[in-house]
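# Notes for the structure review
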Amino acid sequence: MSDTYKIDPISRIEGHLGIELTLEGGSATDVKCEGTMFRGFELILQNRNPRDAVILTQRICGV
Amino acid sequence: MRITRRDFLKYCTIAAGALGLTAIDLLKMEKALALPGGLKIIWLNGQACTGCTVSLANSSYYTTLQSLTLGNPLLTGASETLDIAFIETLSGMTGDQIGSVIETAAAAADGFALVIEGAMPTGDDKYCEIGENWWAGSGTVTIANAVKHYANLTKCAAVIPVGTCACYGGIPAAFPNPTTSKGFLNLIKDAPESGGGAITVAEKRAIRKKTINIPGCPPNPNWIVGTIAFLLANNLSQFPSVDALRRPRTYYGERICNNCDRFENSCIHTTQFPRGKFVGVDGISGPLGGGGMTVVAPNDIGNKDINKPSGYCLKKAGCKGSRTKSDCSLRKWHSPNALQAGVNWCVGAGAPCQGCTQDKFPDGMSPFLYIR
């Protein structure tokens, strides 16, 4: 008999994350991590002055 | 004796003691934090880097984050009033509990203020999902749906997008804007006016009236704290005076150049000839034709008595201060103690201003560094 628990959203982290955990008899048998946010930095950086990369990539994380 | 406008303002601010803050503002701040009850803050994160939350956490000029969230023991008998009911990065609750915390705060008797950090994508629901089943019929909650829902409630007294991303789209909305991200007021403007998830024209107008943008990448914590305290002190009966981009004029009223230490050293308006010296990282020296502008190498400080410690203007190195409005040059950053000016700021450290408080950031401010 397995139970599935979903914790979404996870707090006290940077960004967004969801975890789906399957327990069977007290042991975790499956875990799914869901990245719930996308911005597309790789696409944003294309076709720009390369020196802008410093300024833009530093905004990936503000912590 | 004739003094320049610049010098006159400098004397005024020194005399005021606290930069940009009059005695009346100080009293209002103390009064705001001493009121019982008060506005609940719901802080939602969209496509955020969390820099705005970190900036708030470093608040020290007006008050610290501890005082804002846990109460100020120095104000005897006063309960903390900046009740941040929910902020995900600092929240003790997680998962399903978050939905009920937010719904409880949204139903609070005194109303709530919705603070938004990060841009809101509209290209696909999956670009930013923040939870499930928060209000009746919400299903999977996306940031765009959540802010539209909460901002439209009558109990929402104010909407405060914090950071350039939440205000104007910012970094996620930079070309080619892969997720069709928008700032808050653009999201409201583009919302359908009929059908599912609609916001009527009258509702849009009402939402716009109660929105105060606090852009910056990140914004100075004082701007965030000062604006929220202003709302509290005036019991929500009054909103700060805002400009066309809906930014409070107190913090975003002046161009960077107006209060920049380097302006006098090297601005083109100096009466000394040759007129104006600029740092140019291509190391060109000597007059640059037309007006006798001189471009100096970065480590050429020239006459130490005049130019120390500020150095020359960074406009030729890529500084966008001349078209950026904010009080960074006056208030600076990282106040060591309450009511003290910050220890430094971007231009003071030799980094050209990126223009991060403007709606055109980042595409309109690119390229940031003029280096050959």
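What comes next is a walk through the structure. (Residues numbered from 1 in each chain as written. Chains lettered and ligands numbered in written order. Predicted model: local features only at pLDDT ≥ 70, side-chain atom pairs only at ≥ 80, totals over all residues. Heavy atoms only, no water.)

This part covers the interface of chain A and chain B. Taken together, the contact between chain A and chain B spans 32 residues of the former and 44 residues of the latter. Our enumeration of links across chain A and chain B arrives at two salt bridges. One salt bridge connects Lys6(A) with Glu132(B), and the closest N-O pair in it is separated by 3.1 Å. In this assembly, chain A and chain B are joined by 21 residue pairs in polar contact (both at pLDDT 80 or more). If you list the elements that add at least two residues to the side of chain A that touches chain B, you get strand E1 (2-7), helix H1 (41-44) and helix H2 (52-57) of chain A. (Contact = heavy atoms within 4.5 Å. Salt bridge = Lys/Arg side-chain N within 4 Å of Asp/Glu carboxyl O. Polar contact = N/O pair within 3.5 Å; in protein donor to acceptor, adjacent residues only side chain to side chain. Helix = DSSP H or I, 4+ residues; strand = E, 2+ residues; numbered from the N terminus.)

It is worth spelling out the environment of Ile102(B) at this point. All names here are of chain B. You can see Ile 102 is positioned in helix H5 (residues 96-106). A relative accessible area of 0% means that Ile 102 is categorised as buried. Taking the C-alpha atoms as reference points, Ile 102 and Ile 87, 15 residues apart in sequence, are found 9.6 Å from one another. For Ile 102, the contacting residues outside a window of four places in its chain are Ile 42, Leu 44, Phe 86, Trp 134 and Tyr 150. (Buried < 20%, exposed > 50% of the residue type's maximum accessible area, 1.4 Å probe, protein only.)

Residues and elements named next belong to chain A. One open sheet accounts for three strands, arranged E1-E2-E3; its pairing is antiparallel. Of all the strands in the sheet, just E1 and strand E3 (27-35) have a single pairing partner and so form its edges. Taking each pair of neighbouring strands and ignoring which way they run, the sheet shows an average axis angle of 15 degrees. Relative to strand E2 (residues 17-24), E1 is paired through six bridges, and the arrangement is antiparallel. Looking at E2, one finds that Tyr 5 is bridged to Leu 21. (Pairing = 2+ DSSP bridges. Axes fitted to C-alpha atoms, helices over the stretch in contact; angles between N-to-C directions.)

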